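Chains, contacts and geometry: an overview
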Amino acid sequence: MTNQHAHSRPRVLSGMRPTGKLHLGNYVGALQNWVKLQDSHECFFFVADWHALTTDYDDTSRLADNTLEVVLDYLGAGLDPEKCTIFVQSHVLQHAELHVLFSMITPLGWLERVPSYKEQQQQMPNKDLHMYGFLGYPLLQAADILIYRPRFVPVGEDQASHVELTREVARRFNKFYSLKGQPVFPEPETLLTPSPKLLGTDKRKMSKSYGNTILLSDDAAKVEEKIKNSVTDRPKLTDRGDPNRCPVGNLHQIFSDPERLAYITRGCTTATITCMECKALAVQSVNAHLDPIRERRRRLAQQPEKLKEITQHGAEKAAQAAEKSMVAVREAIGMLRLPSEKEMFSSQKALWLSNGSDSLPLRVPDSIAEANSDEERWEIRSNVWLQKVKQYSLTRLKDKRRVFITRKGKKVGVYDASKSDSGEWVFGLKDQPLNVLVLLAQDEERYLHDYVLPQVFLQKHWRQFDRTGGTVDIHLRKIGDATSLLLKQSNLPIQQYESDYSALQ
Ligand code: SF4
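Being a predicted model, the structure only gives us computed values, none of them experimental.

Within the protein, the secondary structure is distributed over 18 helices and 16 strands. With respect to the three principal axes, the spread of C-alpha positions in the protein is 100 × 50 × 45 Å. For the protein, the residues scored as buried account for 50% of the 505 residues in total. Considering only contacts within the protein whose residues lie at least 6 apart along the sequence, 71% involve residues at least 24 apart. Approximately 24,400 Å² of the protein is accessible, and the part contributed by carbon and sulfur atoms is 52%. Charge separation in the protein, taken as the distance between the mean sites of 68 positive and 63 negative side-chain charges, equals 4 Å.

To continue, consider the confidence of the model for the protein. Counting all residues, the mean pLDDT for the protein is 86, and 92% of those residues have values of 70 or more. Below a pLDDT of 50 lies the segment residues 1-6, which in the model reaches nine contacts outside its immediate sequence neighbourhood of four places, other chains included. Counted against residues more than four places away or in other chains, residues 340-359, with its pLDDT under 50, gives 62 contacts.

This brings us to the site of the ligand. In the vicinity of the ligand, the contacting residues are Thr232, Asp233, Arg234, Cys246, Val248, Gly249, Cys268, Cys275 and Cys278. Cavity membership is defined here by more than half of the atoms lying within 2 Å of grid points; on that basis the ligand lies in the largest cavity. Contributing elements (two or more residues each) for the shell around the ligand: helix 11 (247-255) and helix 13 (275-301). Partitioned by chemical class, the residues of the shell around the ligand number five nonpolar, two polar and two charged.

Turning our eyes to something else, we now look at empty space enclosed by the protein. Over the atoms, a rolled probe matching the size of one water molecule traces out where space is still vacant. Applying the stated criterion across every chain, the model contains one cavity of 30 Å³ or more. Approximately 80 Å³ is the volume attributed to the largest cavity. Mapped by element, the contributors of at least two residues to the lining of the largest cavity are helix 11, helix 12 (258-269) and helix 13. Sort the elements by how many residues they give to the lining of the largest cavity and helix 13 lands first, with three residues. Of the residues that constitute the lining of the largest cavity, the class distribution is seven nonpolar, two polar and three charged.

As a further point, take the nonpolar core. Residues Leu24, Leu31, Tyr74, Leu79 and Ile227 are the most contacted members of the largest nonpolar core, which totals 47 residues. Filtering out sequence-adjacent residues up to four positions away, Leu24 remains in contact with Leu198, Met206, Ile214, Leu216, Leu251, Phe255, Val286 and Leu290. Core analysis: the second largest hydrophobic core is formed by 43 residues, Leu13, Leu129, Ala319 and Ala322 among them.

One way to put it is that helix 2 (residues 49-56) packs onto helix 8 (residues 137-146) with a least axis distance of 11 Å and a crossing angle of 180°. Here helix 2 lies roughly antiparallel to helix 8, going by the angle between them. Note on element contacts: helix 8 touches helix 2 through Tyr137, Leu140, Gln141 and Asp144, opposite Trp50, His51 and Thr54. A per-class count over the contact of helix 2 with helix 8 returns three nonpolar, three polar and one charged.

Cut-offs used in this document
- Residues numbered from 1 in each chain as written.
- Predicted model: local features only at pLDDT ≥ 70, side-chain atom pairs only at ≥ 80, totals over all residues.
- Heavy atoms only, no water.
- Helix = DSSP H or I, 4+ residues; strand = E, 2+ residues; numbered from the N terminus.
- Buried < 20%, exposed > 50% of the residue type's maximum accessible area, 1.4 Å probe, protein only.
- Contact = heavy atoms within 4.5 Å.
- Areas by Shrake-Rupley, 256 points an atom, 1.4 Å probe, with all protein chains shown as cover.
- Lys, Arg positive; Asp, Glu negative; His and termini not counted.
- Charge placed at Lys NZ, Arg CZ, Asp CG, Glu CD.
- pLDDT = per-residue confidence, 0-100.
- Near = heavy atom within 4 Å.
- 1 Å grid on protein atoms, 1.4 Å probe; cavity = no way out; pocket = protein on both sides within 12 Å on 5 of 7 lines; lining within 4 Å.
- Sits in = over half its atoms within 2 Å of the grid points.
- Nonpolar A, V, L, I, M, F, W, Y, C, P; charged D, E, K, R; others polar.
- Points joined across faces, edges and corners; volume = space filled by probe spheres on them.
- Core = buried A, V, L, I, M, F, W, Y, C linked by side-chain atoms within 4.5 Å.
- Axes fitted to C-alpha atoms, helices over the stretch in contact; angles between N-to-C directions.
- Parallel < 35°, antiparallel > 145°, perpendicular 65-115°, else oblique.

Here's what the structure looks like:
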């Protein structure tokens, strides 16, 4: 199923904190269900790295690594970036903006009475959790959810109260603000995840903080060791047991076929098999299930570029959906509007980057030295460039020398600049709606570097461009291999867009 089908499917959102590698409890409690949902719903799944900070603010040394581990666990378990959107929370800043706005209208009492507020403080007596971020995390969660205006939020039973708070916040927002009389946020429904019980190896709830987990990424030997050392429900060989109360029995219930489950259930309840035999069978069942997950995970872990691409595409897609909601939110509240991206660029479906298939350098011919005017130099450069992108069948837009149209009607603005004395290129753009912006920068060797900025990039950063009258000035600087656009508040690295023409497809 491709992303084009996404809009006809009900939208779903969920996420997990990156506090370490995911374990079987996370898998059977949520992830396994997400993998099914991606075929029937438009799914957004994120790694909630800001949420990890609400309790682990004092040690962030593993935050980035843990975030990637969770992405790997998601992908290993079978989430497919072709079917769902996978992203990291902090890569989509709109979540923070909505959280701030919600914090203006949410009574403190609502947050103080969320059950997990007190519970977690009691569970972590050695941690100072009297922090604003910790109190406000269910509100951040409400922002995470509502910003995508989903129909459903898949949760386990224990988190249903969080979704209830989210619904209350939506109602409150809608009470204060509306858009032409219409509510901004629909109230999402709880999609209860059927989560079979899974005890940890010590018979308590499986949880990282108890150190009783089996990780999705544990290798076969580790799984065997953990299962063999599990506590069981039969202290003595002659005791009868109950697989429902045994961690090993739980594993059979989830991972064994019905025949094997019936065999161990009979053997356990009549004390006719040994726990050792039962455990050996559980090891087989669990490892058979985890083998393909581990293999996918292992392969992806060796492709950091691919992971980067997946999270980057996910963030762009999520940001596009989130920004759509934020435009409505800002308007409903009545905030002073900046010219919206919509006015700058006609909104089209998101464009995805794929790393440079057309990365041959362009060389401008000697004749450029003899050109008499900037216009002639532009003609030479643009012709060189047009040779390169022949396959995309661009046509020049009538009366606009620097704007081309793709077969699919996308407007491509092409601007060039030669090297300036200060080691920077400066482009003067006409302020007009474009879907793709191509910057041609000729270096001293007469190589023409081509940066293809897709619509999603422009939408995200347009406000930062410096404008004077009818033109927009862009400064581009290359230091070593890195190229940055110098904008008002930031340097935006754009190296990755060099010769990446996927936006023209
Ligand atoms: S026989 Fe299996 S299910 Fe029963 S107590 Fe022993 S390990 Fe647990």
